[in-house]
Amino acid sequence: MSPQELESTAQALVAPGKGILAADESTATIGKRLASINVESSEDTRRSYRQLLFTTGGAGEFISGVILYDETIRQSTSDGQKFVDVMVANGMIPGIKVDTGAKPLSGAPDEKVTEGLDGLRDRLNEYRELGARFAKWRAVITIGDSIPSSHCILANAQALARYASLCQEAGIVPIVEPEVLMDGNHTIERCFSVTETTLHTVFRTLFEHDVLLEGILLKPNMVISGTKCPRQAGVEEVASETLRCLRRVVPAAVPGVVFLSGGQSDEDATAHLNAMNTMCEAPPWQLSFSYGRALQAPPLKTWSGKVENIAAAQSAFYKRAKLNGAARDGRYNSSMEAEKPAAWRRSRPTNWIRRRTTRLPSSTAGCI
Ligand code: 13P
């Protein structure tokens, strides 16, 4: 894939009114999500739940791409259509999580480094064959009294840079995700400083590894108070501090910043994104979303593993996608939350996708 194709895929993922659905929970993590609604995790229940999301009619109006897990990218709907084909038909670009998880970092108690570089070149080539056009690698930075250590930040930045470089070689747009966790009693000021240092180190390392910045997306945390901090910053402060931090360290060549939700409520995640897009008239990068929990919490709860709830769960997913699509353009208003799911567009049957024509970047269309 040429640099231009990487750039056009990155730009398509942050197209106006659209953002990314992160549905790449590992088997362990999706197991916890399913347990929260009293559904046993099996290959079939995981597939059924993901099918519900991917076949939501009209989701492609607001969802530009979907990050999948290794198991999911190989799965098909109950009527035998490959998930990746369903996505492309529904106007969404398939992506893939390629890290193998955050593991204890030697010599650094309480800190982690993300693994998954061994054999990555071959796995990326296989994922591209399977239809993936972008990928994700999540590094985890924890805030504590005397952490993060500089070697934790550097080890994670180096892994992110190696991953990003291998992705671009394989014609896959890397989403670079250094997540500073919101768990803890730290202040928003401390989150700002750790996020600034982390992103600064990540971009320096990406530069050293010759990564094409126009062909990546950054997936950061927002600058936010720790969950147990007595003073919780409000929407305007989170938005303005996040933008102030990003302006210091994210080069203008990066096409888009797609935030993670990180444990924020779905409404907070939408409001924060909207505030950033409202207060920043001409940001150097597109400001969008790559939410997991903030898009999936309502449909997961509504579904609760019952066939008769699928349509309502799809309406709940469609609503969150639509509201985040609005927030991504600064058009969201909290009064939109009050609209009942029934007022949102109904989902369509799965076989509807067979008739729909796609409008995807040339790098994606026709190659799945
Ligand atoms: P959350 O939005 O739930 O943080 O998930 C996004 C993600 O992909 C984390 O890696």
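Residues numbered from 1 in each chain as written. Predicted model: local features only at pLDDT ≥ 70, side-chain atom pairs only at ≥ 80, totals over all residues. Heavy atoms only, no water.

J.: Give a detailed account of the site of the ligand, specifying residues and quantitative values.
T.: Inspection of the region around the ligand gives 13 residues, with Lys136, Lys219, Ser261, Gly262 and Arg293 positioned closest. A distance of 2.9 Å is found between an oxygen atom of the ligand and a side-chain nitrogen or oxygen belonging to Glu177. Note that an oxygen atom of the ligand is positioned 2.8 Å from one of the backbone N or O atoms of Gly292. In isolation the ligand offers 300 Å² of accessible surface; the protein chains occlude 92% of this area. Here the residues of the shell around the ligand sort into 3 nonpolar, 4 polar and 6 charged. (Near = heavy atom within 4 Å. Polar contact = N/O pair within 3.5 Å; in protein donor to acceptor, adjacent residues only side chain to side chain. Areas by Shrake-Rupley, 256 points an atom, 1.4 Å probe, with all protein chains shown as cover. Nonpolar A, V, L, I, M, F, W, Y, C, P; charged D, E, K, R; others polar.)

J.: Run through unusual backbone geometry, naming residues and quoting values.
T.: With glycine set apart, most residues show a phi of negative sign, and most peptide bonds adopt trans. Omega for the bond connecting Ile147 with Pro148 falls within 30 degrees of zero, at 15°, which places this linkage in the cis form. Relative to the helices and strands, Pro148 is located in the loop between strand 6 (134-141) and helix 7 (150-169). Of note, Asp110 is a non-glycine position whose phi angle comes to about 75°, a positive value. By relative accessible area, Asp110 is classed as exposed at 66%. (Helix = DSSP H or I, 4+ residues; strand = E, 2+ residues; numbered from the N terminus. Buried < 20%, exposed > 50% of the residue type's maximum accessible area, 1.4 Å probe, protein only.)

J.: So what's going on with the packing of helix 7 against helix 8 (residues 188-208)? Which residues, and what values?
T.: Between helix 7 and helix 8, the shortest axis-to-axis distance is 9 Å and the interhelical angle comes to 40°. Comparing their axes, helix 8 and helix 7 come out oblique. For the element pair helix 7 and helix 8, the recorded crossing hand is right-handed. When helix 7 is examined against helix 8, the residues Ile153, Leu154, Ala157, Gln158, Leu160, Ala161 and Ala164 are found in contact with a partner set consisting of Thr197, Thr198, Thr201, Val202, Arg204, Thr205 and Leu206. Among the residues forming the contact of helix 7 with helix 8, the class breakdown is 8 nonpolar, 5 polar and 1 charged. (Axes fitted to C-alpha atoms, helices over the stretch in contact; angles between N-to-C directions. Parallel < 35°, antiparallel > 145°, perpendicular 65-115°, else oblique. Left-handed = near helix turned anticlockwise from the far one by under 90°. Contact = heavy atoms within 4.5 Å.)

J.: How would you summarise helix 2 (residues 27-35) if you had to cite specific residues and measurements?
T.: Ile30, Gly31 and Leu34 are the residues of helix 2 that are buried. On an axial view of helix 2, the arc spanned by its buried residues comes to 110°, and they lie on one face. Facing away from the buried side of helix 2 by more than 90 degrees, the exposed set consists of Ala28 and Lys32. Structurally, helix 2 contributes buried residues whose contacts are with helix 3 (43-54) and helix 11 (293-303). (Arc of directions from axis to C-beta.)

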